[in-house]
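A closer look at the structure
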Amino acid sequence: KQWYQRRVAITAGIAGHVPPYIKGVIPKTARSLHEEAWNAYPYSRTKFSCEFVPKFLLDIESKYVDDCGTQDNIFDLSPEELAKKEKSTDCDSALIPLL
């Protein structure tokens, strides 16, 4: 089962802390964040972008596995591709049920 989702989030929380005279100068496109998400378990991909900064793109690709982040090359990348990537493991052992 797969799904795709596209959202535009207005950063109202941040905009509420910006003085009114600055809000008048900053366009609304600078206060919105676009999110596109694809989920085809066990793979997931999310992209964040902002119209005001066209070169900004945060692209997150994930794969769910039951190993708590012990695999060094989960996407089977070449050594050159792997050297360009940043590995991040977010696994809280407190959330893993004890059997």
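Please refer to the structure placed before this passage.
These numbers were taken from a predicted model, which means no experiment stands behind them. (Residues numbered from 1 in each chain as written. Predicted model: local features only at pLDDT ≥ 70, side-chain atom pairs only at ≥ 80, totals over all residues. Heavy atoms only, no water.)

So, the side chain of S44
- Secondary-structure assignment places S44 in strand β3 (residues 43-50).
- Beyond its immediate sequence surroundings of up to four residues, S44 is in contact with W38, N39, I60, E61, S62 and Y64. (Helix = DSSP H or I, 4+ residues; strand = E, 2+ residues; numbered from the N terminus. Contact = heavy atoms within 4.5 Å.)

Thoughts on the pairing of strand β2 (residues 32-40)
- As paired strands, β2 and β3 are joined by seven bridges and run antiparallel to one another. For A37, the partnering residue across the bridge sits in β3 and is T46.
- From the end of β2 to the start of β3, which pair antiparallel, there are two residues. (Pairing = 2+ DSSP bridges.)

Quick notes on a nonpolar patch on the surface
- On the surface, L33, F52, V53, F56, L58 and I60 cluster together into a nonpolar patch covering about 480 Å² of accessible area.
- Among the secondary structure elements, V53 is positioned in strand β4 (residues 53-63).
- A residue is classified by how much of its surface remains accessible, and V53, at 40% relative accessible area, is partly exposed. (Patch = residues over 30% accessible without salt bridge, like charges linked within 9 Å, V, L, I, M, F, W, Y side chains within 5 Å. Areas by Shrake-Rupley, 256 points an atom, 1.4 Å probe, with all protein chains shown as cover. Salt bridge = Lys/Arg side-chain N within 4 Å of Asp/Glu carboxyl O. Buried < 20%, exposed > 50% of the residue type's maximum accessible area, 1.4 Å probe, protein only.)

Some points on the packing of aromatic side chains
- Per the stated rule, a full pass over the model turns up one aromatic pair.
- Centre to centre, the rings of Y41 and Y64 are 5.8 Å apart; their planes meet at 20 degrees, and the pair counts as stacked. Of this pair, Y41 sits in the loop between β2 and β3 while Y64 sits in the loop between β4 and α3 (79-84), and the two are 23 residues apart along the sequence.
- The exposed category is assigned to Y41, whose relative accessible area is 65%.
- Classification of Y64 as partly exposed rests on a relative accessible area of 44%. (Phe/Tyr/Trp six-rings, centres within 6.5 Å; stacked < 30°, edge-to-face > 60°.)

A look at the environment of A40
- Turning to its location among the elements, A40 is positioned in strand β2.
- With a relative accessible area of 26%, A40 lands in the partly exposed category.
- In this structure, the C-alpha to C-alpha distance between A40 and Q2, residues 38 residues apart in sequence, is 4.5 Å.

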